[in-house]
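Listed here are the chains, written in short residue letters.
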Amino acid sequence: MIQNKLAKNATHAGGKGEILHDWYPYLEGFSSEFVYFILEKYFKKPSRLLEPYAGVGTTPISLWRANIDCDYCEVNPFLKELIDYKRDFLNEKKITPKILNEFKSKISKINKYKEDVLLKDIYFNMFNKSMYFDDSNFSKLLRLHTLCEEFDPYFCRFFKLIVSSVILKSSLLKRSGDIRFKTKKELDKGIPNIIDLINDKIDIIINDLHKIKNGPPIVKKGKLITSNAKDLKKVKRLAKYDGVITSPPYLNGTNYIRNTKLELWFMGFIGNNGLSLRTYRDLVVTSAINDVSKTVNSTIPSSAIACVNRIKESSYDLRIHKMVGEYFSQMKLCFEGFQLLCKKNAPICIDIGDSLYNNIHVPTDEILIDIMKELGINLVENLYLRKRYSNNGTELSQRLLVFRNSK
């Protein structure tokens, strides 16, 4: 039973119903209970930790609520903004049922608002002829963008965030690993009205408000120390961290930027000032085929060379072995940053999974362990969490790797 609970808590589903967790359905996430499990098992009264791949902010927010400072990194600007508003929600308490119900009232009269022509133009400039919405929801989205502009800048961004949190569910796309078009069978079930989805999301946020109504504001906080975990070696800090709790990108082809392209469009993070999906793909740790750079100058860690060569010999796509090589090279760069910024003997806890390409197994956990060993960061525990499966049904796993910084 304990193992089953741990396995579930290590997934997004494990956090369902937790405060802030249901604001945005992030399949790569885990629950606050998973963070607290790691905290209790591997740490002794830490004062400040680091989360290098923050995602929707589960680790830093859980730690802030546990009275522990936590700094973080996150490349995706949509997710960074989500973290900012979650922090404000707990601390500033500017967001109230009154303002949320005011937004609800306005969206009930959505047809009186004009479509945002600029947003529409950006859509077609970014996505060409790809139509990701039915006509009704697309028109409502453009009108919602106009409606949000009626509020002051703080709430304008917050309400755009709410709309963005349900935008995929209102589209012709579905998240299944990566996002894809829904099948005819799936479309026949009907496309939800985006107004109904927004109302449901507002109800979740109001419910969260009731849960924290009498709670004290969070005292311990943290900040974005750099967007990109690959830049951690450049960060200058006087005091070192007591450790790391994180889940880096899995080397499984998941495109962490493309999967939020609709959110990035609606929030204005692509299509303006020359910003595109490629802008952010070039920043993230390479873990998907479309992340691979045209020019690869990375030095592949010695422990990954044999695996990269096996994939190169058998691969149906020349980008795959480059992706694998870049992934381990960039993860080594991140690890060097962890080592530099953490105290001696600080726990470094990493949630990770292995991969399979063209029937060639990529033992991601084993290679990362070897890379850490080369850096002088010693493995303390390799904890099995749960089964995962590749596209062809081959059994894979999710693991928690725990290291100690020896330098």
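Preceding this section is the structure that the text describes.
This write-up is about the structure you can find in this document. (Residues numbered from 1 in each chain as written. Predicted model: local features only at pLDDT ≥ 70, side-chain atom pairs only at ≥ 80, totals over all residues. Heavy atoms only, no water.)

This next bit is on the overall build of the protein. When helices and strands are tallied, the protein shows 15 helices and ten strands. With respect to the principal axes defined by its C-alpha atoms, the protein has extents near 65 × 50 × 45 Å. Of all 407 residues assigned to the protein, the portion counted as buried reaches 57%. Put simply, of all contacts in the protein between residues at least 6 apart along the chain, 75% involve residues at least 24 apart. With an accessible surface of roughly 18300 Å², the protein has 51% of that area assigned to carbon and sulfur atoms. (Helix = DSSP H or I, 4+ residues; strand = E, 2+ residues; numbered from the N terminus. Buried < 20%, exposed > 50% of the residue type's maximum accessible area, 1.4 Å probe, protein only. Contact = heavy atoms within 4.5 Å. Areas by Shrake-Rupley, 256 points an atom, 1.4 Å probe, with all protein chains shown as cover.)

Of all hydrophobic cores here, the largest spans 135 residues; its most connected members are Leu100, Phe103, Phe158, Phe159, Ile198, Trp265 and Phe328. Broken down by element, the residue count for this core peaks at ten residues, all from helix H14 (residues 318-341). Apart from residues no more than four positions distant in its own chain, tryptophan 265 is found in contact with Leu119, Ile122, Tyr123, Phe127, Phe133, Phe138, Leu141, Leu142, Ile167 and Ile270. (Core = buried A, V, L, I, M, F, W, Y, C linked by side-chain atoms within 4.5 Å.)

Bringing unusual backbone geometry into the picture now. The phi dihedral of asparagine 273 falls on the positive side, at around 55 degrees, and the residue is not glycine. Relative to the helices and strands, asparagine 273 is located in the loop between helix H11 (261-267) and helix H12 (277-281). Of note in the backbone geometry, asparagine 358 takes a positive phi value of approximately 50 degrees without being a glycine. The topology assignment puts asparagine 358 in the loop between strand S7 (355-357) and strand S8 (360-362).

Evaluated as defined, the whole model comprises one cavity of 30 Å³ or more. The calculated volume of the largest cavity comes to roughly 60 Å³. Every residue lining the largest cavity is listed: Trp23, Leu82, Phe158, Leu161, Ile162, Ser165, Lys201 and Ile205. For the lining of the largest cavity, the elements supplying multiple residues, two or more each, are helix H8 (153-165) and helix H10 (194-212). With four residues, H8 is the largest single contributor of residues to the lining of the largest cavity. When the residues that make up the lining of the largest cavity are grouped by side-chain class, the tally is six nonpolar, one polar and one charged. (1 Å grid on protein atoms, 1.4 Å probe; cavity = no way out; pocket = protein on both sides within 12 Å on 5 of 7 lines; lining within 4 Å. Points joined across faces, edges and corners; volume = space filled by probe spheres on them. Nonpolar A, V, L, I, M, F, W, Y, C, P; charged D, E, K, R; others polar.)

By the secondary structure assignment, leucine 39 is in helix H2 (residues 32-42). Residue class for leucine 39 comes out buried when judged on its relative accessible area of 13%. In sequence terms leucine 39 and methionine 323 are 284 residues apart; their C-alpha atoms lie 32 Å from each other. Discounting chain neighbours no more than four positions away, the residues touching leucine 39 are Pro46, Leu49, Leu63 and Ile68.

What follows covers the packing of H8 against H10. Packing of H8 against H10 leaves a shortest axis separation of 9 Å and a crossing angle of 115 degrees. The element H8 and its partner H10 pack so that their crossing is right-handed. Residue-level inspection shows Phe158, Ile162, Val163 and Ser165 of H8 in contact with H10, the latter providing Ile194, Ile198, Lys201, Ile202 and Ile205. Each residue belonging to the contact of H8 with H10 can be placed in one class, and the counts come to seven nonpolar, one polar and one charged. (Axes fitted to C-alpha atoms, helices over the stretch in contact; angles between N-to-C directions. Left-handed = near helix turned anticlockwise from the far one by under 90°.)

Turning next to the pattern of salt bridges. A complete count under the given rule lists 25 salt bridges for this structure. One salt bridge in this structure joins lysine 233 and glutamate 336, with 3.0 Å as the shortest N-O distance. In this pair, lysine 233 sits in the loop between H10 and strand S5 (244-246) while glutamate 336 sits in helix H14, placing the two residues 103 residues apart along the sequence. Assessed through its relative accessible area of 39%, lysine 233 is described here as partly exposed. (Salt bridge = Lys/Arg side-chain N within 4 Å of Asp/Glu carboxyl O.)

Here the focus is the packing of aromatic side chains. One pass over the structure, following the stated rule, counts 30 aromatic pairs. Ring centres of tyrosine 53 and phenylalanine 338 lie 6.5 Å apart, and the angle between their planes is 70 degrees; on these two criteria the pair is classed as edge-to-face. With tyrosine 53 in the loop between strand S1 (48-51) and helix H3 (58-65) and phenylalanine 338 in helix H14, the pair connects residues that are 285 residues apart, well separated along the chain. Each member of the pair tyrosine 53 and phenylalanine 338 is classed as buried. Grouped by ring-pair contacts, the aromatic residues Trp23, Tyr85, Phe89, Phe103, Phe151, Tyr154, Phe155, Phe158 and Phe159 constitute a single cluster. Sitting above the plane of the tyrosine 154 ring, lysine 94 keeps its charged end 4.4 Å from the centroid. Seen from the ring of tyrosine 241, arginine 237 lies directly overhead, with NZ or CZ sitting 4.3 Å from the centre. (Phe/Tyr/Trp six-rings, centres within 6.5 Å; stacked < 30°, edge-to-face > 60°. Lys NZ or Arg CZ within 6 Å of the ring centre and 35° of its normal.)

With that settled, consider the environment of phenylalanine 37. By the secondary structure assignment, phenylalanine 37 is in helix H2. Once the C-alpha coordinates of phenylalanine 37 and leucine 224 are considered, the two residues, 187 residues apart in sequence, prove to be 24 Å apart. Residue contacts for phenylalanine 37: discarding those within four places in its chain leaves Leu6, Leu383 and Leu400.

Moving on, we come to helix H13 (residues 302-314). Taken together, the buried positions of H13 are Ser303, Ala304, Cys307, Val308 and Ile311. What you see down the axis of H13 is that its buried residues fit within an arc of 105 degrees, all on one side. Those residues of H13 that are exposed and aimed more than 90 degrees away from the buried face are Ser302 and Glu313. (Arc of directions from axis to C-beta.)

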